[in-house]
Amino acid sequence: MRVALWALGLGVLLLRARAAPTGGPNSLRLAYRPSPCDGVVLVQHEGTWGHVCNREWTLKEASVVCRQLGCGGAVGAPKYVPLPGETVQPWLHNVSCRGDEASLWGCSLGAWTKSECPYEWVVVALCSNGTFREVRLVKGRSPCAGLPEIRNVNGVDRLCGLHREEATVFCRELGCGPALQAPRQDGSVARKYMTCGGDELTIRNCRLNNKFRSGCDFQRDAQVVCSEHTEARLVGGEHSCAGRLEVRRGLTWGTVCDADLDLASAHVVCRELQCGAAVSTPQGAHFGQGPGLVWAEAFRCAGNESLLFHCPREPGHRCGHGQDAGLRCSEFRLVNGSSACEGRVELQVQGAWAPLCAAHWDLADATVLCHQLDCGNAVATPPGGHFGGGASAPWPDEVHCVGTEPYLWSCAVSTLGAPACGPGDAAAAVCSGLPDALRLRDGQSRCDGRVEVSLDGVWGRVLDEAWDLRGAAVVCRQLGCGAAERAYEAAAPARGAVPLGLSRVRCAGTEPRLTRCNVSAAALVSAGASRDAGVVCSGSLQVRLAAGPGRCAGRVELLHAGEWGTVCDDGWDLRDAQVVCRQLGCGHALGAPGAAHFGAGAGRIWMDELACEGHEAALWRCPSRGWGRHDCGHKEDAGALCSESVALRLRGGAGPCAGWLDVFHNGTWGAVCSNALKDASLSIICQQLGCGERGWLENRPGHTSLGTSWVDNIQCRRLRSSTLWQCPSAPWHPHSCTRGEEVWITCAGSSGTATQDSGEALNCSLMGSCPEEGELRVRGGEDRCSGRVELWHAGSWGTVCDDSWDLADAEVVCRQLGCGRAVDAVAGAAFGPGSGPVWLDEVGCRGSEASLWGCPAQPWGRGDCGHKEDAGVRCAGDTGAVTPRSASGSPLVPAPALEAGTLPMALGLALGTLLLVTSLVLGARWFRGRDACRGSGMSGSLPSEGVYEDIGVATAGEKDEAAGAAAAAVLEEEYDDVAEPEPEEGDAEEGALLSPTGSYRKN
């Protein structure tokens, strides 16, 4: 009874009513609540209290009770089924009121008797002066959708297990029309906690059965959706805050005519989606034509509404999908400049605008922002405060963009532990504006890629059958990207139709803008004769750390001439790593591992024998042998570990979803302080660890001190796709907490799906045992050939979005796993939602690719999906001799144990070297031992035919890299500086090396 009555503001805190009886048959009170204006209706007769036994109990009877008690009007008249032992003897039977009586005794009263009540319930009155406050739907996208809740003076209570009848009453009470969706869709009604007939005026008139309260399972409940529910979304854009506007009314999605979307309504949509303010409203189905309905109704917002739901509506235009409205929003803006395309950079958080700190702000960051704001390309980044400091303190966020990202939040962001920004030190940007602007697409940096030009506000392709360096020089100069290094024929846009911008461009090379060249906007050449213009400018030089636990630890890679390559570890030391760490905004260097510590790279080896002093602005400013000149193999790839490499874990709990919260920083694990940690921060931490959406603090004595406590005063903001690294806090300090302030967190999620964020990747990278870049696995399925698809990339496991996911994609995955043909391409997180990044989106395999890496897709990590859209596969099963392969095509099999024939072979070789007299005899033994090894090596692993096919046989005079782990180690020392021969076509598997983890790695 106690729990059930609390759900309606009637929680039992007193087992016995303490109100003094008035004496006589006129005595009346509401019991089992501290408030005298809520509770079970009790009457006193012959000195004894009893309850009222009624078949029907309505607001009319309850209103008389409330009036008589001086408690205002009645707000509810529920019937309640108590647990055994909670009942009170019935006294008064069959009361019926008109509702205007002065007291209950003026109503039609039945018998005063202690005879058994034929009904299992007792009657309750809820009065306006009691504890009830409101009914509402929460965590939905409008007041007419969400999870049902009743709010009382002392808190809220979720209602569980509602069916269509109860949802109908809830929607009607909220003025939201009929219910279209109920939390429970099944037909089981035998064990319902709350039961409505469907015609009640309020949910507080329905019957409660406390016997079934304990069986309530909130995880099974869907949201209530009423017919008046309205929400918006953006579909088909380059990021989650751009796309075709679609509006959901009730349960039905439809598009909007572009003539019916004005700027005020666009601002409201952006605000609803937590996307800041509207930037532009592209027309003519710019983001593709939508499916389904086109709503013939227009929203007429004032512009200050929080949701589209609150905007007035009126009849709109009638149009087809060719006029579907589009919208671009941005949480960032430029202010205090001469136009909307220059000024101080500001960020909107929870409705308030504040400047962004100028720390680490550069042209690559400004390029992304200018594209995001539809302002062309970046021209300059004036020093901090150039356009004024703003009235608010700057946000300390440090963004680290490459320049190709579609949205500023797509860039790496480091905020946690950042020092406070100086007053007025606000970032600034000057953009070119759209007229005649250029941008480079599908490249590796802001200064290489396929050329697009803006004409009349529309971006278009640049086509030419004779594109040359003179045209490329104009493009590079206009973009502030230095000199042209290469002009090439670029591939056509991979996704979406991009209109023609310019055709047959003829430049002298000295023009200030591409449109000043001899150009045409008409297709002057036959279809297929022209190719997209591509450029590589000298400003495209980039450095990155790959295959590590994050952006600040990994294998050193350089982008030169439009191609990524590695650095040889000859002469590599902490001074060289220091330059890399500073260049990336990753603090100082903690380590400079060599010998492919983060895995062997691929492609070119760009630099060797670097000799940095440590103060150079870029790695390519250091002395070296020159671009591409080396005598190394990829087993000598250099790496770096920087102080800003961070990770997160929970330690000391029974599972990975509870424990002391630790952060890895500056090469050391340290505690986190509990000061200022609120629900928003706890939610972000738990989600980042894959431990559900909620968490709470616990007082735990006896913190096992690590000697370091890194960070205090964490105050996370509610941003989309936030991580702890984006949360403002006090600056990093090794003694941030006083004793007892270390935080223990318990998350609501199950340990089965938990991940320790980048902790796994960090630990594996420090131990030299990370999975190979591009390694693929499935999780959550019935066997190793079914489950959620996951990929190892950039130092962490991530998932694949189910957008465009089909059997051709699944076919590639199944082949890569060695699991035969694909049976099913599963969508909608059918194997459970994953955690970590969503690495791939819009995968478009043909089905014949060797690995998922070879399929067209959106750039890594640039999708617009959540984990509820994780893709999965079901494969036919093991195919026997087929070997699972990594992205590079290398087989992933266990390392073979040393066989009996291997030891005599090694001894024979050693003795043959020392005892020249018996060399012929020992040589014969060596050949016999080798034959024996061939016959039995890999026994207990895979069939020997498959092993020979994958490993190959080294010819005389070559290093025998498959002879065994010890021999391989010796040979690597002897041949460290010998260039490794490239495999010839058709021999892709020769020369495979066993990694320390037992997987094969290609050199």
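What counts, and where the lines are drawn
Residues numbered from 1 in each chain as written. Predicted model: local features only at pLDDT ≥ 70, side-chain atom pairs only at ≥ 80, totals over all residues. Heavy atoms only, no water. Buried < 20%, exposed > 50% of the residue type's maximum accessible area, 1.4 Å probe, protein only. Helix = DSSP H or I, 4+ residues; strand = E, 2+ residues; numbered from the N terminus. Pairing = 2+ DSSP bridges. Salt bridge = Lys/Arg side-chain N within 4 Å of Asp/Glu carboxyl O. Disulfide = S-S within 2.5 Å. Contact = heavy atoms within 4.5 Å. Core = buried A, V, L, I, M, F, W, Y, C linked by side-chain atoms within 4.5 Å. Phe/Tyr/Trp six-rings, centres within 6.5 Å; stacked < 30°, edge-to-face > 60°. Lys NZ or Arg CZ within 6 Å of the ring centre and 35° of its normal. Polar contact = N/O pair within 3.5 Å; in protein donor to acceptor, adjacent residues only side chain to side chain.

**Q** Explanation requested: the pairing of strand S22 (residues 326–330) in the structure shown.
**A** The side chains of a regular strand alternate, residue by residue, between the two faces of the sheet. In terms of residue burial, S22 counts as a mostly covered element, since 5 of its 5 residues are buried. Burial of S22 is two-sided: the residues Gly-326, Arg-328 and Ser-330 facing one way and the residues Leu-327 and Cys-329 facing the other way are all buried. Relative to S22, strand S16 (residues 242–249) runs antiparallel, the two sharing 3 bridges. Bridge pairing in S22 places Ala-242 opposite Arg-328. Bridge count for strand S18 (residues 277–280) against S22 is 3 bridges, and the pairing is antiparallel. Across the sheet, residue Ala-277 finds its bridge partner in S22, namely Ser-330.

**Q** Mind showing me how you'd approach the pattern of salt bridges here?
**A** Between side chains of opposite charge, a pair can form as their charged atoms come close. Under the definition given, this model contains 43 salt bridges. Measuring nitrogen to oxygen at the nearest pair gives 4.0 Å for the salt bridge that ties Glu-297 to Arg-313. Of this pair, Glu-297 sits in strand S20 (residues 297–299) while Arg-313 sits in strand S21 (residues 313–315), and the two are 16 residues apart along the sequence. Glu-297 gets classed as partly exposed once you look at its relative accessible area, which sits at 25%. Accessibility expressed as a relative area gives 30% for Arg-313, which makes it partly exposed. The partner of Asp-397 in a salt bridge is Arg-717, and the shortest N-O contact between them spans 2.6 Å. Placement of the pair is Asp-397 in the loop between strand S26 (378–380) and strand S27 (398–400) and Arg-717 in the loop between strand S47 (709–711) and strand S48 (744–747), with a sequence separation of 320 residues.

**Q** Sorry if this is basic, but what is going on with the state of the cysteines here?
**A** Here is the idea: a disulfide is a covalent bond, and it sits between the sulfur atoms of two cysteines. This structure, assessed with the given rule, holds 30 disulfides. The disulfide partner of Cys-370 is Cys-431, and the gap between their sulfur atoms is 2.0 Å. With the S-S bond torsion at -80°, the cross-link from Cys-370 to Cys-431 turns out left-handed. One end of the pair, Cys-370, is in helix H5 (residues 363–372); the other, Cys-431, is in strand S29 (residues 428–431), with 61 residues separating them in the sequence. Look at Cys-431 and you get buried, because its relative accessible area is 9%.

**Q** Is there a simple way to think about the environment of Pro-36 in this case?
**A** Among the structural elements, Pro-36 can be located in the loop between strand S1 (27–31) and strand S2 (38–45). Of the residues examined, Pro-36 reaches a relative accessible area of 57% and is grouped as exposed. As for Pro-36 and Cys-66, which are separated by 30 residues in sequence, their C-alpha atoms are 9.8 Å apart. Excluding anything up to four places from it in sequence, Pro-36 contacts Leu-30, Leu-69 and Cys-71.

**Q** Even after reading the chapter, I still don't get the nonpolar core, so can you show me in this structure?
**A** Counting residues in hydrophobic clusters, the biggest one holds 49 residues, and the most contacted among them are Val-345 and Trp-361. For this core, the secondary-structure elements that each account for two or more residues are strand S15 (230–236), S16, helix H4 (263–272), S22, strand S23 (332–336), strand S24 (342–349), H5 and S29. Beyond its immediate chain neighbours, meaning those up to four positions away, Trp-361 contacts Val-345, Leu-356, Ala-366, Leu-369, Thr-381, Val-399, Leu-408, Ala-427, Ala-428 and Ala-429. Of all hydrophobic cores here, the second largest spans 32 residues; its members include Tyr-80, Val-124, Phe-132 and Val-169.

**Q** Is there a simple way to explain the packing of aromatic side chains in this structure?
**A** What describes a pair of aromatic rings is the distance from one ring centre to the other and the angle between the planes of the rings. Considering all chains together, one arrives at 9 aromatic pairs under this definition. Aromatic side chains Phe-664 and Trp-669 sit 5.4 Å apart centroid to centroid with 65° between the ring planes, which places their arrangement in the edge-to-face category. The exposure classification of Phe-664 matches that of Trp-669, with both residues buried. Between Trp-710 and Trp-732 the ring centres are 6.2 Å apart and the planes differ by 85°, which places this aromatic pair in the edge-to-face class. A residue pair is termed long-range when its members are at least 10 positions apart, and Trp-710 in strand S47 and Trp-732 in the loop between S47 and S48 qualify at 22 residues. Each member of the pair, Trp-710 as well as Trp-732, carries the same accessibility label: buried. Three or more aromatic residues joined by ring pairs make a cluster, and in this case those are Trp-91, Trp-105 and Trp-112. Across from the ring centre of Trp-253, 3.8 Å away, lies the NZ or CZ of Arg-233, which sits over that ring. The ring of Trp-797 is capped by Arg-777, whose NZ or CZ atom sits 3.8 Å from the centre of that ring.

**Q** What should I look at first to understand helix H10 (residues 807–817) in this one?
**A** Residues separated by three or four positions in an α-helix point in the same direction, a consequence of the helix having 3.6 residues per turn. Considered for burial, the residues of H10 that qualify are Asp-809, Ala-810, Val-812, Val-813, Cys-814, Gln-816 and Leu-817. On its buried face, H10 sits against strand S49 (776–780), strand S50 (786–793), strand S52 (822–826) and strand S54 (872–875). If you check the start of H10, you find a side-chain oxygen 3.2 Å away from the backbone N of Ala-808, and it comes from Asp-806. Positive backbone phi, approximately 70°, marks Gly-818, located one or two places after H10.

**Q** Help me understand unusual backbone geometry in this model?
**A** Peptide bonds are mostly trans, and most non-glycine residues show a negative phi. Unusually for a residue other than glycine, Asp-442 sits at a positive phi of about 60°. Residue position: Asp-442 is located in strand S30 (residues 438–445). In this structure, Asn-713 is a non-glycine residue whose phi angle is positive, near 60°. Among the structural elements, Asn-713 can be located in the loop between S47 and S48.

**Q** Any chance you could explain the side chain of His-560 here in plain terms?
**A** Structurally, the position occupied by His-560 is in strand S38 (residues 553–560). Every residue in contact with His-560, bar those within four places of it in the chain, is listed here: Leu-541, Trp-606 and Trp-627.

**Q** Explain the side chain of Ser-786 here, please?
**A** As for its position among the elements, Ser-786 is in strand S50. Residue classification places Ser-786 among the buried residues on the basis of a relative accessible area of 3%. Polar contacts involving the side chain of Ser-786 include one to the side chain of Glu-782, which spans 2.7 Å. Discounting residues that sit within four places of it in the chain, Ser-786 has contacts with Val-778, Gly-781, Phe-831, Val-873 and Arg-874.

Treat this as a map of the structure, not an account of what it does.
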